[in-house]
Amino acid sequence: MFKYEIRFTGHVKNSYGWCAVLIILGVDLRPRLFIPMLDWQDEGKPKLIEGHWEDWKIEIRGIPSKISIPQEFDYFDEDIRFTEDEKNVFSEKGLKMLWDEITLQPVTCSFTKVGISSDVPHEWGLTYYPEAENRMLQHFFIESRDDRSPRNLPHIFSELDHSLYFRNVKQWTLSSIHEHLQLLTSCLSFFTGTPLSYERLVGRYEDNVIYIQLRNESNPNAYICPSFYTGRLELKQNALSSFSSVLVMKIDERVKYYKMFEEHANDSNREREKLFRLFSYFKMLYMAYNKEAKIALSYMIMDSLAKFKGMKTIMNSRKKGILEDIINKFSENMCSSCIKLLRKEAKPFTDEFDTYLKKVLDIFELGELFNVDPTELKEIAQKYRNNVFHGDFFNDMENIENHMKTLPEGFQRDLPIVFQSIVLAMGANLILGIEFEEMIAIKRSI
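Counting restarts for each chain, with residues numbered from 1 along the sequence as it is written. Local features in this predicted model are restricted to residues of pLDDT 70 or higher, and side-chain atom pairs are both shown and tallied only at a pLDDT of 80 or more, whereas totals for entire chains, interfaces and linings draw on every residue. Note: side-chain values were computed over all heavy atoms of the structure, leaving out hydrogens and water.

## Focus on the overall build of the protein chain
- Helix and strand assignments follow DSSP, with helices taken as H or I runs no shorter than four residues and strands as E runs no shorter than two, numbered in order from the N terminus. Helix and strand counts for the protein chain come out as 16 helices and twelve strands.
- Here the protein chain holds 446 residues, and the buried ones make up 50% of them.
- In this description, contact between two residues means that some pair of their heavy atoms is separated by no more than 4.5 Å. Put simply, 75% of the contacts in the protein chain that link residues at least 6 apart link residues at least 24 apart.
- Here, Shrake-Rupley sampling with a 1.4 Å probe gives the accessible areas, and only protein chains in the shown set may cover a residue. Of the roughly 22,600 Å² of accessible surface on the protein chain, a fraction of 49% belongs to carbon and sulfur atoms. Only protein chains enter the calculation, and the probe is 1.4 Å; a residue is then buried if its accessible area is under 20% of its type maximum, exposed if over 50%, and partly exposed in between.

Listed below in C-alpha cells is the structure:
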C-alpha cells in the first residue's frame, strides 16, 4: 500500500487518557508503537492513535496483535535512534522508564489533508473487496466520470486508485460519509449477488485527494461465495445513466428518515435495525452452501421484505400444510362437514404479494417461455422453508421434487439462483425504488 515506511510522533488514547508515542507505519499498514511503560499497562490498550506526517493528519484504530517484552530505553535508542525533536515529545520521566514496542493490525487507517478549504469533497470514491466485484460495479458509476481509467493517489501510496466514484450531490462531509457507507454497500450487493466490503474510501476536492481511509478485513475468505454460481441484478441502459445519483439520493433519504424516526421511537422498534437485520439475511443467502437452504432462505427474505413494506402475505403456511395432511390421511373417517371446514381453512388464496410477485418475474425476460403461476412458485419456496427449517426435508424430498417438475427445465436446474434473483429484485425495488422493468436477472459464475 505504501511506497515506504512512515515515521512520526503522535498520541495514543487508552483507558488512562492520552499519552505520547512514536509510530512507524509499515508498507503493509501495520504500525509499530514505541511507548513508555509508564503509559502502557493491561488497561491501557490503544483505542485511537493520532499523529501528523507532512501535510496529513493520520488516525489509526485497531487492536494489539503483538506486544513485545519491555526493554530498556537504551535498546530503542540504539535500534530506533530517536531524534532530539522526537525525544522532546516525551516527558523526562517517561524517557527514564522501561519501554514497550507494540505491533497493531489496525481496523482502519485514515489520512486527512491538513488545511483544506472544505471538508465536503466534490467526489467520493469506494474500492470494494473482492476485486472482481469492484470491476463488476464500475459501469454502475459511469455518471461520475467519462474516463474510467484508474487515477493517481498521493505520492506516498504505491497503488493506483480503482475506486467507484460518484458526485457528492448530497454534500456528505468527511464525518457524515460514514453514516451512509454501510447502507450504500449493502444495497450494492444486489448487483453482485455476493457480500461486499469496502477496503478504501477516497474523497476528492477539485481532483485533489483530501481524505483516504484504508480498511483491513480480518478474514477476507469469508467474502467468497461457496457456490459455483449465484444470481445478481443488472440494470438496463436507460437506468444506468442515472443510477449513482438515484442511489445517493435514496441512501440519503433513508439515513435522514432513520435519524428523525429514532428521536421518537422506542429502542426495541427502531426502523434502522429492521433494515440491517434484513441485510444480514441477504448475507446468509449469499453464503448458503446447499441449494435447498438457499431456496428456504429466499422465501424467508421474500416474506420479511413484504412485511417490512406492510404487504399482506399468506399467514400460517405451516398450519396450511398440516391441515392438508390431516385431510388426506383421515378423510375416510371424517364427515363431509368436517372435511369442508378443514378445506376452507386450508384453501390457498391470492393476496397482494402474489400480484407483486408476478411483476418481479418480469426481470427474467423470458416472455412466453416462462409461464409460471406466481402462487405455484411461492408455494414451492414455502415447502422448502417449512421442510428445511422445520426438520421434515428428508422425509418429504420426493413431494418437493415432484412439485419442482412443474417448472420449466432450465428453472428446475437453477431454482436457487432464480429465487435469489427474485429477492434481490424485491430488495432493489422496495428499498431503492428501482422499477422491475429496469432490471435484468443475471446468472454469474463465482
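## With respect to the pairing of strand E2 (residues 17-25)
- Counted residue by residue, E2 has seven buried out of nine residues, so it is predominantly covered.
- Pairing between two strands is assigned when DSSP locates at least 2 bridges connecting them. Judged from the nine bridges that link them, strand E1 (residues 6-14) and E2 form a sheet pairing that is antiparallel. Bridge pairing in E2 places Val-12 opposite Cys-19.
- Count of turn residues in the E1/E2 antiparallel hairpin: two residues.
- With four bridges connecting them, E2 and strand E3 (residues 31-36) associate as antiparallel partners. Paired with Leu-22 across the bridge in E3 is Phe-34.
- Following E2, the chain reverses through five residues before pairing antiparallel with E3; Leu-29 in that reversal takes a positive phi of roughly 75°.

## Details of the nonpolar core
- Residues grouped as a nonpolar core are buried Ala, Val, Leu, Ile, Met, Phe, Trp, Tyr and Cys residues, joined through side-chain atoms within 4.5 Å. Judged by nonpolar contacts, the single largest core of 78 residues is most densely connected at Phe-190, Phe-191, Met-302 and Ile-422.
- Top element by residues in this core is helix H16 (residues 415-432). It accounts for twelve residues.
- In this structure, Met-302 is in contact with Phe-353, Leu-357, Ala-381, Phe-419, Ile-422, Val-423 and Met-426, ignoring residues within four places of it in sequence.
- Of all hydrophobic cores here, the second largest spans 28 residues; its members include Val-21, Leu-25, Trp-56 and Tyr-165.

## Examining helix H9 (residues 291-308)
- What a helix is expected to span follows from its residue count: subtract one and scale by 1.5 Å. Compared with the 26 Å implied by 1.5 Å per residue over 18 residues, the 25 Å span of H9 between its first and last C-alpha is a close match.
- Within H9, 13 of the 18 residues are buried, which leaves the element mostly enclosed by the surrounding structure.
- Positive phi shows up at Gly-310, right after H9, with a value of about 80°.

## Regarding the pairing of strand E6 (residues 99-113)
- Counting buried positions along E6 yields twelve of 15 residues, so the element is predominantly enclosed.
- Alignment of E3 against E6, held across five bridges, turns out to be antiparallel. Looking at E6, one finds that Phe-34 is bridged to Glu-101.
- As paired elements, E6 and strand E10 (residues 208-215) share five bridges and run antiparallel to each other.

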